[in-house]
Amino acid sequence: MKRPVILSVLLGGLLASTSPAQQPNPPLQAHTPQQASTDHTHVVPQQAPLSAVGPVSVGPHGGSLKQAGGLQLETVVSQAGIKMYVFDSSGQPYSVQSGRGAASLRIAGGAKRYRYDLLPDGKGGLTASVNLSKIAGRQVEIDIQLVGLPGLGRSGVQLNEVATVPASEAQLAAAAIARQKICPVSGKLLGSMGDPVAIDVTGERVFVCCAGCVDAVKASPAKYLAGKPEILVSSATKDDAALIAAQKTCPVMDEPLGSMGNPVKVMVGDNPIFLCCKGCVKKIQAEPAKYLAMVHGGERSASVPAGSQAVRDGVFKVSALDQPFVAAQMKCPVMDEPLDAMGGPYKVHANGKAIYICCPGCAKRIAAEPDKYLAILASQGINAPVLR
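Just so it is clear, the model here is predicted, and its values are computed rather than measured.

Caption draft 1: Here's a closer look at the overall build of the protein. If you tally the helices and strands in the protein, you get 10 helices and 21 strands. Scored against the burial criterion, the 388 residues of the protein give a buried share of 43%. For the protein, the proportion of contacts with a sequence separation of at least 24, taken over those separated by at least 6, is 55%. Per element, the accessible surface of the protein, about 19700 Å² overall, is 55% carbon and sulfur.

Caption draft 2: Region of interest: the pattern of salt bridges. For the coordinates displayed, the defined rule picks out 10 salt bridges. Here Lys223 makes a salt bridge to Glu230, at a shortest N to O gap of 3.7 Å. For Glu230, a relative accessible area of 42% translates into the label partly exposed. Residues Asp240 and Lys265 are paired through a salt bridge, measuring 3.0 Å at the closest nitrogen-oxygen approach. Linking Asp240 in the loop between strand 15 (231–235) and helix 5 (241–247) with Lys265 in strand 16 (residues 264–268), this pair joins segments that are 25 residues apart in sequence. Note on accessibility: Asp240 and Lys265 belong to one class, buried.

Caption draft 3: Structural view of helix 2 (residues 169–180). A rise of 1.5 Å per residue sets the reference length of helix 2, with its 12 residues, at 16 Å; its end C-alpha atoms lie 16 Å apart and thus fit the reference within 8%. For helix 2, the complete set of buried residues consists of Ala173, Ala176, Ile177 and Gln180. End-on, the buried residues of helix 2 take up no more than an arc of 100°, which puts them together on one face. Those residues of helix 2 hidden inside the fold are in contact with strand 14 (204–208). Backbone geometry just after helix 2 places Lys181 at a positive phi near 70°.

Caption draft 4: Representation of the nonpolar core within the structure. Counting 29 residues, the largest nonpolar core has Leu73, Met84, Leu105, Leu118, Ile142, Ile144 and Leu146 as the members making the most contacts within it. Beyond its immediate stretch of four places on either side in the chain, Leu118 contacts Ile82, Met84, Arg100, Gly101, Ala102, Ala103, Leu126, Thr127, Ala128, Ile144 and Leu146.

Caption draft 5: Summary view of the layout of surface pockets. Approximately 260 Å³ is the volume attributed to the second largest pocket. Elements represented by at least two residues in the lining of the second largest pocket include exactly helix 2, helix 6 (281–286) and helix 7 (288–295). Across the lining of the second largest pocket, the residue classes break down as seven nonpolar, three polar and five charged.

Caption draft 6: Examining the confidence of the model for the protein more closely. Confidence in the prediction of the protein, expressed as mean pLDDT, is 80, and 82% of residues score 70 or more. Ignoring residues within four places in sequence, the model shows residues 1–46, a span with pLDDT below 50, making 80 contacts including any to other chains.

Caption draft 7: Main features of the side chain of Glu161. Note on placement: Glu161 falls in strand 12 (residues 157–164). Taking the relative accessible area as the measure of exposure, Glu161 reaches 5% and is therefore buried. A polar side-chain atom of Glu161 sits 3.2 Å from a polar atom in the side chain of Ser64. Other than its neighbours up to four places away in sequence, Glu161 contacts Ser64, Lys66, Thr75, Val140, Glu141, Ile142 and Ile144.

Caption draft 8: Inspection of the state of the cysteines at higher detail. The full count for this structure, using the stated rule, is zero disulfides. A disulfide-free cysteine, Cys332 has its sulfur positioned 3.8 Å from the sulfur of Cys358, the nearest such atom.

Caption draft 9: The arrangement of the sheet that holds strand 19 (residues 315–317) in detail. A sheet is described by the order of its strands in space; here four strands give the open sequence 18-19-20-21, paired in antiparallel fashion. In this open sheet, the two edge strands, each paired with only one partner strand, are strand 18 (310–312) and strand 21 (353–357). Strand-to-strand twist across the sheet, computed as the mean angle between neighbouring axes with direction ignored, equals 40°. Bridge count for strand 20 (residues 346–350) against strand 21 is five bridges, and the pairing is antiparallel. When the sheet's bridge partners are listed, Lys347 is paired in strand 21 with Tyr356. Relative to strand 21, helix 10 (residues 370–379) is tilted by about 75°, and along the sheet it contacts strand 20 and strand 21.

Caption draft 10: View of unusual backbone geometry. Here Gly344 and Pro345 are connected by a cis peptide whose omega angle stands at 5°. Tracing the chain through its elements places Pro345 in the loop between helix 8 (323–329) and strand 20. Its identity as a non-glycine residue notwithstanding, Thr202 has a phi of 45°, on the positive side. Mapping Thr202 onto the fold places it in the loop between strand 13 (197–201) and strand 14. Taking relative accessible area as the criterion, Thr202 reaches 65% and is therefore assigned exposed. One non-glycine residue, Lys248, lies in positive phi territory at about 75°. Of note, Lys248 is situated in the loop between helix 5 and strand 16.

Caption draft 11: Quick peek at the sheet that holds strand 17 (residues 271–275). Pairing is antiparallel in the open sheet, where three strands are placed in the order 15-16-17. Only two strands of the sheet have a single partner each, and these edge strands are strand 15 and strand 17. Adjacent strand axes in the sheet meet at a mean angle of 25°, parallel and antiparallel pairs treated alike. Bridge count for strand 15 against strand 16 is five bridges, and the pairing is antiparallel. Within strand 16, the residue paired with Ser234 across the bridge is Lys265.

The rules behind the values
- Residues numbered from 1 in each chain as written.
- Predicted model: local features only at pLDDT ≥ 70, side-chain atom pairs only at ≥ 80, totals over all residues.
- Heavy atoms only, no water.
- Helix = DSSP H or I, 4+ residues; strand = E, 2+ residues; numbered from the N terminus.
- Buried < 20%, exposed > 50% of the residue type's maximum accessible area, 1.4 Å probe, protein only.
- Contact = heavy atoms within 4.5 Å.
- Areas by Shrake-Rupley, 256 points an atom, 1.4 Å probe, with all protein chains shown as cover.
- Salt bridge = Lys/Arg side-chain N within 4 Å of Asp/Glu carboxyl O.
- Expected span 1.5 Å × (residues − 1).
- Arc of directions from axis to C-beta.
- Core = buried A, V, L, I, M, F, W, Y, C linked by side-chain atoms within 4.5 Å.
- 1 Å grid on protein atoms, 1.4 Å probe; cavity = no way out; pocket = protein on both sides within 12 Å on 5 of 7 lines; lining within 4 Å.
- Points joined across faces, edges and corners; volume = space filled by probe spheres on them.
- Nonpolar A, V, L, I, M, F, W, Y, C, P; charged D, E, K, R; others polar.
- pLDDT = per-residue confidence, 0-100.
- Polar contact = N/O pair within 3.5 Å; in protein donor to acceptor, adjacent residues only side chain to side chain.
- Disulfide = S-S within 2.5 Å.
- Pairing = 2+ DSSP bridges.
- Axes fitted to C-alpha atoms, helices over the stretch in contact; angles between N-to-C directions.

Below you can see the structure in the form of C-alpha cells.
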C-alpha cells in the first residue's frame, strides 16, 4: 500500500503562509517520460538522490542556477516564498507538471527547520508559497528535494541553497531613512514634516523632509550628496536671547546656558542648538539627530511615530523654543480667543513665518489667506517669527 509523505507548512509565530493552509501532499513520486504520459506512478525507491553539482550561476529569473544530471535547476527566494525552475542542457524551459518536492528552511542563527511543499504552479515552476517578509534581509539555508522530473532518475535530486530573503522597496527606503535621520537642507528629522521625499542625486538616493527642500538639492547636488545637513558654529547674540531663555540648558552637559560664558550657537540646517561651550560642538557634529530631538522635542524619525510634532498636515505642536512667541502673541488671529482656549496652542506656517492658533480647525483659514492673518498680527504690534 502507498503511504503519503505529509509535509508540514507550519512556521510558528515568525512566518505566516500567504496562501490557504496546504492539504497533505500526494506521495513523492518519480516518473519516467513514458510513465508521465500514461500517468502511471511508482513509489520512490530507497536510494540516494542525485545531488546538484557544478558551478553556480545566475538563472533567467535572477535565482541561483545549478546543474543536476542533464538539467539545470534555478532556485528563487523572495518574500512570497520559494520557487524552482528547471531547464534542459541548452537552457530551454523544462516541464515540471509531473514533479513534486519539499523545501526545508532554516533561518541563520536558528536551529528549527520549517518544511514546505513544492508543487506545480501552472506557470512553469514548482512553488512553495509562504510569507517570508518578516525575515527580509535575513539569511536562510534551504535543503530541497525534487522527484518526478523526467531525466533525473527515479531517486530524484537534492540540493542545498544559502540565500538572503530580499527586502522590499519600502523596507529599503525605511532603512535608508533611518540611517540618514536628518534632512540635509533644513536639518529637521526625517518624518517630522510627513513622509520624506526621495531625490536621485547622481545615482544616489537622498531624502529630504518635504517637497520644499527638493529644489535646494537639485540646485546644489554635490553639497547635499552625503545626506548630511550643513552645521554652522557661531557665538550667540542678543537676538538669540529669547531662544536661549526657552532652551535653558546645554543638551550635552545639562548645564545652564551662560554658566560657562556666552553660549555657542550651532545651526543644524535651519535649526538652532545652543551650547554652554565650544567643547560640546563635536558632540552635535557627531550625533545631530540625537540633540535635535532633545532640544526640539516632539519631532520624530520615520520609524518612531509616537510623540510626533505634526498634529496633522500643516499643523504642529509647539516646542519649548516657541514659548516666548506664544506668550507674545497671546490670542489666535482667527478666533480672537486665548491660544490655550481650545486645546492649543498649535503652530502653522504662513509665508515662511510661524503663526500660533487655538485649534487645528483654524489652519485652513490661515492657509487660504496667510497675508491677511500676518497683517492682523502686525496691526496688533506682533511680528510673527521667521521659521527656524
